[in-house]
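# Results of the structural survey
Take a look at the letters that make up each chain.
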Amino acid sequence: MTAFVFSDINYDAHEQVVFASEPRSGLKAIIAIHNTHLGPAMGGCRMWEYVNERAALVDALRLSRGMTYKNAVAGLPIGGGKTVILGNPKTDKTPALFEALGEALERLGGRYVTAEDVGTSPADMAHVARRTSFVAGLGDSGDPSPFTALGCFVGAQAAVRHHLKRDSLEGLIVALQGLGHVGFDYARRLRQAGARLVVADIDQGALERARSELSAEVVPVDSIYDVEADIYAPCALGATLNEDTLGRLRAKIVAGAANNQLATPDIGDKLRQRGILYAPDFVINAGGIIKVCYEYFQKPDSEIEGHVCRIADTLTEVFQRADREQLPTSVVADRVAESRFKA
Ligand code: NAD
């Protein structure tokens, strides 16, 4: 096989990439530490049945870099990292597997702290914690979703103030995609603030709840982009802002929780050209990592909400600078992050 790590487009001067294996448990994991200038790298542990090892490495590199940017913009004293475990989260999980991961993390001496992510749970992290203390998000109190939802809500308010010159969400229409852990909570807050909800999900139960509890109007999954809305709130999948959806979007603002919303970086500029204000995903959805970070460093719970609400100030700075410099908000957000972690 030809070497590809250092020349891969997703390799961005990562400080350290560890391939951890432990034959007895079957552990095969990649721990990518992108940057620790602001503090120990922190980012979740994903378990996924990748099509091949290269796909797993690319995911680890891409995600760990993303965590550096998210953590820096959120003003947290941590860097960016990520772990991927190669395996099927439905069939391949054992306590020994996660204990072996814990041992691998312990050998890194605290340069990287893990947490749950797609395919892993607080119960898995409890097994990791039997071998290392470099793990966050343990137990029921660790659910970060309500804080992610809060960040999205204050972020939407900031976007409305900036772009629509309104202090209230009363009467605004929000097209919300994905009523999961974050999306439903975000929808509830929007409704309480007087917004009207138009929602789509593949889960009929979630749609019923939204209809009865939040008076939401339901549309088919693929119609959510065409809704005559003020805000489009992607809270399900990545890459929903793409060449296909761009021309269909009627919303004036994009403010949602999903990771990696832009299918390609140039979409950020295309949104700007269409006059759509994009709240960069890694800025607006940082509420969860803020919560996890506070818990890990045992900082007072009472300060978490205040920190999450500062996402609104950060977004306002990004929006204002993007106007001044005639740049996409996505580019400005990257620069804000880089000025912090590269300083
Ligand atoms: P979740 O799995 O609880 O919810 C996702 C929802 O999207 C589900 O209700 C699912 O049925 C729905 N969905 C799936 N495919 C869909 C489709 N094609 N159209 C419409 N709906 C569809 O996930 P979550 O924890 O709520 O996270 C939502 C998004 O936010 C994800 O992209 C996640 O990576 C991101 N995010 C979450 C957090 C967090 O704290 N949970 C933090 C940062 C970012």
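Residues numbered from 1 in each chain as written. Predicted model: local features only at pLDDT ≥ 70, side-chain atom pairs only at ≥ 80, totals over all residues. Heavy atoms only, no water.

At a minimum axis separation of 8 Å, helix H4 (residues 145-164) and helix H11 (residues 304-325) run at an interaxial angle of 35 degrees. Considering only the axes of H4 and H11, their crossing is right-handed. Contact residues: Phe147, Leu150, Gly151, Val154, Gly155, Ala158, Ala159 and His162 in H4; Ile304, Glu305, Val308, Cys309, Ile311, Ala312, Leu315, Thr316, Phe319, Gln320 and Asp323 in H11. (Axes fitted to C-alpha atoms, helices over the stretch in contact; angles between N-to-C directions. Helix = DSSP H or I, 4+ residues; strand = E, 2+ residues; numbered from the N terminus. Left-handed = near helix turned anticlockwise from the far one by under 90°. Contact = heavy atoms within 4.5 Å.)

Between its first and last C-alpha atoms H4 spans 27 Å; for 20 residues at 1.5 Å apiece the expected length is 28 Å, and the two agree. When you tally the buried positions in H4, you get 16 out of 20 residues, the bulk of the element. One or two steps after H4, the chain reaches lysine 165, where phi turns positive at roughly 55 degrees. (Expected span 1.5 Å × (residues − 1). Buried < 20%, exposed > 50% of the residue type's maximum accessible area, 1.4 Å probe, protein only.)

The subject of this paragraph is the site of the ligand. The environment of the ligand is formed by 22 residues, the closest being Thr148, His181, Val182, Asp201 and Asn259. Between the ligand and the protein, one listed contact pairs an oxygen atom with a side-chain N or O atom of threonine 148 at 2.6 Å. At 2.6 Å, a side-chain N or O of aspartate 201 approaches an oxygen atom of the ligand. Looking at the shell around the ligand, the elements that each hand over two or more residues are H4 and helix H5 (181-192). Across the shell around the ligand, the residue classes break down as 11 nonpolar, 8 polar and 3 charged. (Near = heavy atom within 4 Å. Polar contact = N/O pair within 3.5 Å; in protein donor to acceptor, adjacent residues only side chain to side chain. Nonpolar A, V, L, I, M, F, W, Y, C, P; charged D, E, K, R; others polar.)

Core analysis: the largest hydrophobic core is formed by 72 residues, its most contacted members being Leu176, Leu179, Tyr186, Leu190 and Ile290. Take this core: its biggest share by element is 11 residues, from H4. Discounting chain neighbours no more than four positions away, the residues touching leucine 179 are Phe184, Ala187, Val199, Asp201, Ala206, Leu207 and Ala210. (Core = buried A, V, L, I, M, F, W, Y, C linked by side-chain atoms within 4.5 Å.)

One open sheet holds the 6 strands; their spatial order is E9-E8-E7-E10-E11-E12, and the pairing between them is parallel. Of all strands in the sheet, those with a lone pairing partner are strand E9 (217-218) and strand E12 (277-278), marking the two edges. As judged from the 2 bridges shared by strand E11 (residues 253-254) and E12, these two strands associate in the parallel manner. Bridged to isoleucine 253 within E12 is leucine 277. (Pairing = 2+ DSSP bridges.)

This next bit is on the pairing of strand E5 (residues 79-86). Burial analysis of E5 places 7 of its 8 residues in the buried class, which makes it a mostly covered element. With 2 bridges connecting them, strand E3 (residues 41-42) and E5 associate as parallel partners. If you follow alanine 41 over to E5, its bridge partner there is glycine 79. Of the strand pairs in this sheet, strand E4 (residues 45-48) and E5 are connected by 4 bridges, and their pairing is parallel. Residue arginine 46 lies in a different strand from E5, and its bridge partner there is valine 84. In this view, the connection linking E4 to its parallel neighbour E5 by way of helix H1 (residues 53-73) has right-handed handedness. (Right-handed = clockwise from strand over helix to strand, strands pointing away.)

A few words on the environment of leucine 101. Along the polypeptide, leucine 101 turns up in helix H2 (residues 95-107). A C-alpha to C-alpha distance of 38 Å links leucine 101 and valine 221, two positions 120 residues apart in sequence. With sequence-adjacent residues up to four places away left out, leucine 101 is seen in contact with Leu27, Ala29, Ile31, Cys45, Thr83, Ile85 and Val128.

This next bit is on the domain arrangement of the chain. Split by domain assignment, the chain resolves into domain 1 (2-128) and domain 2 (145-341). For domain 1 and domain 2, the distance between their C-alpha centroids amounts to 26 Å. Contacts between domain 1 and domain 2 engage 21 residues on the former and 21 residues on the latter. Carbon and sulfur atoms supply 73% of the area that domain 1 and domain 2 bury against each other, a total of about 1,700 Å² over both sides. Looking at the side of domain 1 facing domain 2, the largest losses of area belong to Tyr69, Lys70 and Val73, adding up to 38% of the total buried there. Seen at the junction of domain 1 and domain 2, the total is 0 salt bridges. Counting every contact that joins domain 1 to domain 2 gives 7 residue pairs in polar contact (both at pLDDT 80 or more). Where the side of domain 1 that touches domain 2 is concerned, the elements lending two or more residues are strand E2 (27-35) and H1. At 8 residues, the largest contribution of residues to the side of domain 1 that touches domain 2 is made by H1. Class assignment for the residues of the side of domain 1 that touches domain 2 results in 13 nonpolar, 6 polar and 2 charged. (Domains from an automatic or database assignment. Buried area = accessible area lost by both parts, 1.4 Å probe. Salt bridge = Lys/Arg side-chain N within 4 Å of Asp/Glu carboxyl O.)

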